[in-house]
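Summary of structural features
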Amino acid sequence: MSEGAHCPQCGTALKEADVFCNKCGYHFVEEGKQDKPPSLSWERKVNLFIDRHVFKSFLLALWIGASAIFLFLLILGLVEGSLSWEVFRTILLITLAVSGVILAFYPVALLILGGWSYHYRFRVDENGILLETAPRQRKWNTFLNFLTFISGILKRKPGMMGAAILAQSRQRELYRWEDVRLIKPDPRGYAIVLKLYGGRTSVLWCPPERYEEILQAILRWREIIEPRKRKRSKRS
């Protein structure tokens, strides 16, 4: 460490022999002396029917949709002046019935998407984390998105067309290290959860035998990139 260096996290002056900041405990490594982890690539087939991260996302979407239906019908009853205990109970039953139908349709939707297994490809390097669907899976997804888009045109529903375009664009996504807010390991599911700025969440599924290798590489890349982020934020 060069003499007169300061902690990039709290700004405390550091001595030449310091490895950790005495004030905040930040692990200080000079940027030029950092050993970059290797770039890693891997594939993983995810069972969409039993994976808890997928099912959790589905339940969250179901909860948001059911809440929207319930509130819409409730406000409609208030506006019309017909809201009573009987009407409230009917609205609640309608919401539960719609939610039950959607929940029952979940396995069918997975089969339509190409089966209960979804094939992903991942890559980690200094640019960030690349997530994309495997070639065969991508072709099937493109076909389904095309049918959805055409259906939207024929039915004159811009929402369907927009959903198809959005789904197609998300078949390949690059999350730059600057976009990653938090990394949460899930060793039970051999997965790594990325909390991104803007409220988004993404999951990296890893082969069981390579889980530790991938996790350590991601944590090292984050450790290397973090000081650069702080420098850029200070300049701006």
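The rules behind these values
- Residues numbered from 1 in each chain as written.
- Predicted model: local features only at pLDDT ≥ 70, side-chain atom pairs only at ≥ 80, totals over all residues.
- Heavy atoms only, no water.
- Salt bridge = Lys/Arg side-chain N within 4 Å of Asp/Glu carboxyl O.
- Helix = DSSP H or I, 4+ residues; strand = E, 2+ residues; numbered from the N terminus.
- Pairing = 2+ DSSP bridges.
- Axes fitted to C-alpha atoms, helices over the stretch in contact; angles between N-to-C directions.
- Contact = heavy atoms within 4.5 Å.
- Expected span 1.5 Å × (residues − 1).
- Buried < 20%, exposed > 50% of the residue type's maximum accessible area, 1.4 Å probe, protein only.
- Polar contact = N/O pair within 3.5 Å; in protein donor to acceptor, adjacent residues only side chain to side chain.

**Examining the pattern of salt bridges**
In this structure the tally under the stated criterion is nine salt bridges. R121 is paired through a salt bridge with E43; the nearest N and O atoms lie 3.6 Å apart. Of this pair, R121 sits in strand β2 (residues 117–125) while E43 sits in strand β1 (residues 40–47), and the two are 78 residues apart along the sequence. Residue R172 pairs with E132 through a salt bridge whose shortest N-O separation is 3.4 Å. Placement of the pair is R172 in strand β4 (residues 172–175) and E132 in strand β3 (residues 128–133), with a sequence separation of 40 residues. Here the salt bridges share partners, and the residues they tie into one network are E132, R138 and R172.

**What to know about the sheet that holds strand β7 (residues 201–205)**
Pairing in this open sheet of three strands is antiparallel, and the strands run β5-β6-β7 from one edge to the other. Among the strands making up the open sheet, the edge pair consists of β5 (180–186) and β7. Strand-to-strand, the axes of this sheet are offset by a mean angle of 20°, without reference to chain direction. In terms of strand pairing, strand β6 (residues 191–196) meets β7 through five bridges, oriented antiparallel. Paired with K195 across the strands is T201, a residue of β7. Set on the sheet, helix α1 (residues 52–80) makes contact with β5, β6 and β7; between it and β7 the angle comes to about 160°.

**Overview of α1**
Between the first and last C-alpha of α1 there are 42 Å, a value that for 29 residues agrees with the 42 Å anticipated at 1.5 Å per step. Within the sequence span of α1, burial applies to H53, V54, F58, L62, A66, F70, L74 and G77. Taking the backbone nitrogen of H53 as reference, a side-chain oxygen 3.0 Å away marks D51 as the first, capping residue of α1. Count one or two residues on from α1 and you reach G81, which has phi positive near 75°.

**Observations concerning the sheet that holds β1**
The antiparallel open sheet is built from four strands, whose spatial order is β1-β2-β3-β4. Of all the strands in the sheet, the pair left with one neighbour each is β1 and β4. In this sheet, neighbouring strand axes are inclined to one another by 20° on average, regardless of whether the strands run parallel or antiparallel. Looking at chain direction, β3 and β4 are connected through four bridges and run antiparallel. For L131, the partnering residue across the bridge sits in β4 and is E173.

**Some thoughts on the side chain of N145**
Position of N145 among the secondary structure elements: in helix α3 (residues 135–154). Apart from the residues within four sequence positions on either side, N145 is in contact with A164, A167, Q168 and Q171.

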